[in-house]
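Descriptive analysis of the structure
The lines below spell out each chain.
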Amino acid sequence: MSKVVSTTLRDSLSVSLTVGAYGIAFGAAAVANGFTVLQSCLLSLLTFSGASQFAVIGVLGAGGSAISGIATASLLGVRNALYGVIMAPRLKVSGLTRIVAAQITIDESTAVALGQEPHGIDAMRKGFWYTGIGVFVFWNLFTLAGALGAQAMGDIRAFGLDSAVPAAFLGLVWPRLTGKFECILAIACALFAIVMTPIVPAGLPIIATAFIAIVIGLKR
Amino acid sequence: MSIFWIATIGTSIIAFALKYSGHSVPERWLSHPKIQQINALIPIALLSALVAVQSFSEKSKLMIDQRLVGLSVAVIALLLKAPFPVVVLSAAVSSAVVYRWL
């Protein structure tokens, strides 16, 4: 095996294992928020995008409607479309292979692929496929483990699962707070959602913050 | 059909449609700088709102409970540059301790 291939494989595997392990938090949180084990596993198999999955279970768990949950998850999934735009000309695939490539187009597979750019197009493709498939396998296995574990727990608050979900969201947003502007936006949206929570139906305060982001993005 | 099934299936269909559309539409459609800009801001807005709502509310009521401790510990863990699983686990453990013994 050439050095480049083994580096790519190492990067992909380490990302797959660490990211896949978060699946345990998702599976547990999904069950804690009222989803069945089957539904939790289907979300990981079919939706397969961490932030979107946490969002839909978070919104429904907070008493929001299915539409609010789907809308919030979908707004977070828009970035996967942008990753697809980046990856498509580099992968050059069609038919069934394109369907599989689309399903594993997520933060991690795109990031590892772009990280291999100095090593050439072949390393980029390998990085994408190894990471995408690796995360998919581990994410789904760990989701099942987490869901079964939470089902066996009973009172999830006694195990801190009610805090694991907001901590997971915080961990997802933290790396994006790269400057003062991003921090102010984050705090403003958090305060807005809290203030609106007792006033409007559950789920709406969260979606409304996306429109704040859109308006600010258009004006900035 | 329960709302959990509707949410599971609806989210999955749209998630795949978004991913597939990225692989299928011409690059210039989505490479507009404004779209890139908005795309960078939306996750910050939604995830921050989710942190707040998940930490300080139950259904439509605001409340402060053991989750505040969990969230504070998560912030400390992130400030100490802890990896994601450590952040989640430390929040869960501290929250569980407060819930059981207070």
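Note that the structure is a prediction, hence the values are computed from the model and not measured. (Residues numbered from 1 in each chain as written. Chains lettered and ligands numbered in written order. Predicted model: local features only at pLDDT ≥ 70, side-chain atom pairs only at ≥ 80, totals over all residues. Heavy atoms only, no water.)

1. Description of the overall build of chain B
Which entries qualify depends on this criterion: Only DSSP runs of H or I covering at least 4 residues are called helices, and only runs of E covering at least 2 are called strands; the numbering of each starts at the N terminus. Both definitions apply: the radius of gyration is a C-alpha atom measure, and the globule rule equals 2.2 Å times residues to the power 0.38. Throughout, exposure labels follow a simple rule: accessible area from a 1.4 Å probe, protein chains only, divided by the maximum for the residue type, with under 20% read as buried, over 50% as exposed, and the rest as partly exposed. Here, two residues are considered to be in contact whenever any of their heavy atoms come within 4.5 Å of each other. To be clear on the numbers: accessible area is Shrake-Rupley with a 1.4 Å probe, and residue cover counts the displayed protein chains and nothing else.
Counting its regular elements, chain B contains 5 helices and 2 strands. What you see in chain B, going N to C, is helices and strands ordered as α-α-α-β-β-α-α. Relative to the 2.2 N^0.38 estimate, which gives 13 Å for 102 residues, the radius of gyration of chain B is 19 Å and therefore markedly larger than a compact globule would have. In terms of its C-alpha atoms, chain B occupies a principal-axis envelope of roughly 55 × 40 × 25 Å. Burial analysis of chain B (102 residues in total) assigns 46% to the buried set. Of the contacts formed within chain B by residues at least 6 apart in sequence, a portion of 23% connects residues at least 24 apart. Total accessible area computed for chain B in this model is approximately 5300 Å², and 73% of it derives from carbon and sulfur atoms.

2. Considering the environment of Lys19 of chain B
Convention followed: In protein, a polar contact requires one atom able to donate a hydrogen and another able to accept it; more generally it is a pair of N or O atoms within 3.5 Å, and residues adjacent in sequence count only if both atoms are side-chain atoms.
With respect to the helices and strands, the residue Lys19 of chain B is situated in helix 1 (residues 3-24). Classification of Lys19 of chain B by relative accessible area gives buried; the value is 0%. Those residues in contact with Lys19 of chain B that lie beyond four places of it in its chain are Thr47, Phe48, Asn80, Ala102, Gln103, Thr105 and Ile106 of chain A. A polar contact is formed between the side chain of Lys19 of chain B and the backbone oxygen of Phe48 of chain A, at a distance of 2.9 Å. Reaching out from Lys19 of chain B, the side chain makes a polar contact with the backbone oxygen of Gln103 of chain A at a distance of 2.9 Å.

3. Topic: the interface of chain B and chain A
Inclusion rule: Buried area adds together the accessible area that both of two parts lose upon being put together, with accessible area traced by a 1.4 Å probe. For this analysis, a salt bridge means a side-chain nitrogen from Lys or Arg found within 4 Å of a carboxyl oxygen belonging to Asp or Glu.
In this assembly, 67 residues from chain B lie in contact with 90 residues from chain A. Counting the surface lost from both chain B and chain A, the interface buries some 7000 Å², and carbon and sulfur atoms represent 74% of this. Of all residues in chain B, Lys19, His23 and Phe84 of chain B bury the most surface against chain A, accounting for 11% of the area lost on that side. Our count for the contact surface shared by chain B and chain A stands at 0 salt bridges. Between chain B and chain A we count 14 residue pairs in polar contact (both at pLDDT 80 or more) in total. Of all elements in the fold, only helix 1, helix 2 (27-30), helix 3 (33-56), helix 4 (66-79) and helix 5 (84-101) of chain B reach the threshold of two or more residues within the side of chain B that touches chain A. In terms of residue count, the dominant contributor to the side of chain B that touches chain A is helix 3 of chain B (22 residues).

4. Some words on the domain arrangement of chain B
Buried accessible area, meaning the area lost when the parts come together, often serves as the stated size of an interface. Residues and elements named next belong to chain B. What counts is decided by this rule: Residue ranges assigned to each domain were obtained from an automatic or database domain assignment. Residues are grouped as follows: nonpolar covers Ala, Val, Leu, Ile, Met, Phe, Trp, Tyr, Cys and Pro; charged covers Asp, Glu, Lys and Arg; every other residue, Gly included, is treated as polar.
Domain parsing of chain B yields domain 1 (1-31) and domain 2 (32-101). Here the C-alpha centroids of domain 1 and domain 2 sit 26 Å apart. Interface area lost by domain 1 to domain 2 is led by Trp29, Leu30 and Ser31, which between them contribute 96%. Counting across the interface, domain 1 meets domain 2 through 0 salt bridges. At the boundary of domain 1 and domain 2, one finds 0 residue pairs in polar contact (both at pLDDT 80 or more). Classifying every residue of the side of domain 1 that touches domain 2 by side-chain character gives 2 nonpolar, 1 polar and 1 charged.

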